[in-house]
Amino acid sequence: MHPDALQAQQQLHIRQRIRMVVNQYEVHAVTPDGSEGELLAFAQQKRLAFKEQVTIYTDDTQQQPLLGFKARQRLDLGATYDITDHAGSPIGLFRKNFTQSLLRSTWQLEQDGLPQVTGEERSLPVALLRRFVEALSWLPYHFDFVADGQPAFSVVKKWGIRDRYVVQIHNPQLDRRLVIAMAIALDALQSR
């Protein structure tokens with residue numbers, strides 16, 4: 001997909017494929033009627049990696065990288081992840097706020113030229129249940145990301161056997177590649 005067409009997306013659907021040793025994610029456009037449209041990106045993440053690195057491709061052939069994110073440190077509870085484009089040039093970063101995340105997961109996302117975006121689980125009761133009752137860790141969640149008090153984007157995990165997410169983007173200036181990286185990271189890194 002052409003970068004301008006990707007940037008024009010206001011909503012995305014993300015589905016996790018069920019695999020034994022890797023997490024795989026499909027990122028789809030959304031058609032005007034709200035159904036899943038064209039495949040925009042595909043990611044694969046090895047489980048239990050010591051230094052997290054995820055490459056996101058333009059499709060599931062994994063021939064052409066679109067972007068990637070990589071942890072700066074190994075085994076850091078509040079690690080910073082650098083997001084780069086297909087050529088390895090930086091486009092932003094995200095990090096988990098470890099202290100605030102003890103009760104309700106909180107993430108920061110940064111893009112040059114824009115205010116910092118902070119994302120937090122909407123429901124404190126759901127966040128607490130997911131943390132302290134292992135049998136309920138599958139509960140869906142809703143993250144709201146805001147910058148200067150204005151909505152930037154949201155990520156909603158839907159009910160189902162496979163993890164499915166609806167991403168709604170409110171800020172037209174926000175780089176969609178950063179949004180895709182953050183949405184995938186929420187699933188891939190949330191339980192760490």
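Further up the page is the structure itself.
Note that the structure is predicted; figures quoted are calculated from it, not measured.

**Observations concerning the pattern of salt bridges**
Moving on, step 1. Tallied over the full model, the rule gives ten salt bridges.
Moving on, step 2. Arginine 72 is paired through a salt bridge with aspartate 82; the nearest N and O atoms lie 2.9 Å apart. In this pair, arginine 72 sits in the loop between strand E5 (65–71) and strand E6 (80–85) while aspartate 82 sits in strand E6, placing the two residues ten residues apart along the sequence.
Moving on, step 3. A salt bridge links aspartate 163 to lysine 157; the shortest N-O distance between them is 3.5 Å. For the pair formed by aspartate 163 and lysine 157, the shared burial category is buried.
Moving on, step 4. Three or more residues are tied together by salt bridges with common partners; here these are Arg15, Arg17, Glu26, Glu36 and Asp60.

**So, the nonpolar core**
Moving on, step 1. Grouped together as the largest cluster of nonpolar side chains are 46 residues, with contacts concentrated most on Phe69, Phe94 and Phe153.
Moving on, step 2. If near-sequence neighbours (up to four positions away) are discounted, phenylalanine 69 is found in contact with Glu52, Gln53, Val54, Ile56, Tyr81, Asp82, Ile83, Phe94, Ala181, Ile184, Ala185 and Leu189.

**Comments concerning helix H3 (residues 176–189)**
Moving on, step 1. With 14 residues, H3 should cover 20 Å at 1.5 Å per step; its first-to-last C-alpha distance of 19 Å lies within 8% of that length.
Moving on, step 2. Burial of H3 is extensive: 13 of the 14 residues sit out of reach of the surface.

**Details of the side chain of threonine 106**
Moving on, step 1. The residue threonine 106 is located in strand E8 (residues 106–110) in this model.
Moving on, step 2. At a separation of 3.0 Å, a polar atom in the side chain of threonine 106 contacts the main-chain carbonyl oxygen of arginine 104.
Moving on, step 3. Not counting the four nearest positions on each side in its chain, threonine 106 is found in contact with Arg95, Lys96, Asn97, Gln100, Ser101, Thr118, Gly119 and Glu120.

**Some thoughts on the packing of aromatic side chains**
Moving on, step 1. A full pass over the atoms with the stated rule returns eight aromatic pairs.
Moving on, step 2. Between the aromatic rings of tyrosine 141 and tyrosine 165, the centroid separation amounts to 6.1 Å while the plane-to-plane angle is 40 degrees, which identifies the pairing as tilted. On the criterion of sequence distance, the pair formed by tyrosine 141 in the loop between helix H2 (124–132) and strand E10 (142–147) and tyrosine 165 in strand E12 (residues 164–169) is long-range, its members being 24 residues apart. Each member of the pair, tyrosine 141 as well as tyrosine 165, carries the same accessibility label: buried.
Moving on, step 3. By the ring-pair criterion, three or more aromatic residues cluster together here, those being Tyr141, Phe143, Phe145, Phe153 and Tyr165.

**Quick look at the sheet that holds E5**
Moving on, step 1. Pairing is antiparallel around the closed barrel formed by twelve strands, whose spatial order is E1-E2-E3-E4-E5-E6-E7-E8-E9-E10-E11-E12. Looking at each pair of strands side by side, their axes are set apart by 20 degrees on average, direction ignored.
Moving on, step 2. As judged from the six bridges shared by strand E11 (residues 150–158) and E12, these two strands associate in the antiparallel manner. Counted as the bridge partner of phenylalanine 153 is isoleucine 169 from E12.

Calculation criteria
Residues numbered from 1 in each chain as written. Predicted model: local features only at pLDDT ≥ 70, side-chain atom pairs only at ≥ 80, totals over all residues. Heavy atoms only, no water. Salt bridge = Lys/Arg side-chain N within 4 Å of Asp/Glu carboxyl O. Helix = DSSP H or I, 4+ residues; strand = E, 2+ residues; numbered from the N terminus. Buried < 20%, exposed > 50% of the residue type's maximum accessible area, 1.4 Å probe, protein only. Core = buried A, V, L, I, M, F, W, Y, C linked by side-chain atoms within 4.5 Å. Contact = heavy atoms within 4.5 Å. Expected span 1.5 Å × (residues − 1). Polar contact = N/O pair within 3.5 Å; in protein donor to acceptor, adjacent residues only side chain to side chain. Phe/Tyr/Trp six-rings, centres within 6.5 Å; stacked < 30°, edge-to-face > 60°. Pairing = 2+ DSSP bridges. Axes fitted to C-alpha atoms, helices over the stretch in contact; angles between N-to-C directions.

Such coordinate-based values are descriptive only and should not be taken to indicate function.
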